[in-house]
There are 4 protein chains.
Amino acid sequence: MIRADRKESMLKRLQAIEGQVRGLQKMVEEERPCVEVMTQIASVHEALRSVGKLMMRNYLETCATRAIRGKQEEVYDELMEMIYKFAK
Amino acid sequence: MIRADRKESMLKRLQAIEGQVRGLQKMVEEERPCVEVMTQIASVHEALRSVGKLMMRNYLETCATRAIRGKQEEVYDELMEMIYKFAK
Amino acid sequence: MIRADRKESMLKRLQAIEGQVRGLQKMVEEERPCVEVMTQIASVHEALRSVGKLMMRNYLETCATRAIRGKQEEVYDELMEMIYKFAK
Amino acid sequence: MIRADRKESMLKRLQAIEGQVRGLQKMVEEERPCVEVMTQIASVHEALRSVGKLMMRNYLETCATRAIRGKQEEVYDELMEMIYKFAK
């Protein structure tokens, strides 16, 4: 379950990212200076990270609920894996 | 100037990334499991990085040409900044 | 509170890291090839990360306990900050 | 060949890092709060990165010299590998 306000925020951000990626295509076609293109790529990475953070926050809440119900060791192992794989 | 084969490869990758981002929107709408969404986000990051690498390669060649022509100290400073800002 | 086995493991790793850093000093003094020095630096980063992971694991367990006792929103905010600041 | 001033700067930084790592051991022994330990670990990562940067700068200058003398394609491949492996 994703909280409704979070879901909407993720969808809006992903639509903006789609637009940024189309913008990147135009920049490459027009052979804009490398620094400009790299800066735009960094900005897309950053926007993607913000979506990932919303997802991670959602995940933490789910995890915590499961941890309270027991099998804590397993939940921590999974959480550590998620954190070190995705929280960049 | 971007080499023609590199430019084409960047454009193809960016079109694929646009498709991946649309896929992400669908995944969020359908509330797919967090791990799946995070894995897809990581895959978009990776694809973006491959575009960045092509751009960086292009940049290095341009830099080197300028470094040969003199003003080396400045070129190195700029290159270091680019590398540590964008090569992730 | 740090679990005893985890504390011992952290201390052993930190002693090993101290040795690696002394090794790096020798490598620089002897002007060993750049790739060798960079590889050793990467290896120290990796070893430090393993200490950070043990600490993060400890932190998660403490957090979870606090989250169960209430004030969840605050705990999640703090946890998110820790994760995105330190889990690299 | 490492430039003399750069070599001295690297050695000084590495000695400071050695001290920081010993400090970390003390912090773990005394079971200082997790956020403090993590902050100190992040600070060691940062200090190590600064040594890596000095090494990378040295490497770029060596590379450029070799690139000028020919075999450019090979030099760029090696440089790209170094950059994406070590410039973090």
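Anything mentioned here points back to the structure above.
In short, a report on the structure. (Residues numbered from 1 in each chain as written. Chains lettered and ligands numbered in written order. Predicted model: local features only at pLDDT ≥ 70, side-chain atom pairs only at ≥ 80, totals over all residues. Heavy atoms only, no water.)

As for the overall build of chain A
Step number 1: On a plain count of helices and strands, chain A comes out with three helices and zero strands.
Step number 2: Listing the helices and strands of chain A from first to last along the sequence gives α-α-α.
Step number 3: When burial is assessed residue by residue, chain A has 50% of its 88 residues classed as buried.
Step number 4: Pairs at least 24 apart in sequence give 57% of the contacts found in chain A among residues at least 6 apart. (Helix = DSSP H or I, 4+ residues; strand = E, 2+ residues; numbered from the N terminus. Buried < 20%, exposed > 50% of the residue type's maximum accessible area, 1.4 Å probe, protein only. Contact = heavy atoms within 4.5 Å.)

Examining the interface of chain D and chain B
Step number 1: The interface is formed by 18 residues belonging to chain D together with 18 residues belonging to chain B.
Step number 2: Between chain D and chain B, a total of about 1900 Å² is buried, with carbon and sulfur atoms accounting for 68% of that surface.
Step number 3: When the area that chain D buries against chain B is broken down by residue, the three leading residues are Arg57, Tyr76 and Tyr84 of chain D, summing to 35%.
Step number 4: Applying the counting criterion to the chain D and chain B interface returns two salt bridges.
Step number 5: Residues Asp77 of chain B and Arg57 of chain D are paired through a salt bridge, measuring 2.6 Å at the closest nitrogen-oxygen approach.
Step number 6: Taken together, chain D and chain B are joined by two residue pairs in polar contact (both at pLDDT 80 or more).
Step number 7: Secondary-structure elements contributing two or more residues to the side of chain D that touches chain B are helix H2 (34-68) and helix H3 (72-86) of chain D.
Step number 8: Examining the composition of the side of chain D that touches chain B, we find that eight residues originate from one element, H2 of chain D, more than from any other.
Step number 9: Its residues assigned to classes, the side of chain D that touches chain B comprises ten nonpolar, one polar and seven charged. (Buried area = accessible area lost by both parts, 1.4 Å probe. Salt bridge = Lys/Arg side-chain N within 4 Å of Asp/Glu carboxyl O. Polar contact = N/O pair within 3.5 Å; in protein donor to acceptor, adjacent residues only side chain to side chain. Nonpolar A, V, L, I, M, F, W, Y, C, P; charged D, E, K, R; others polar.)

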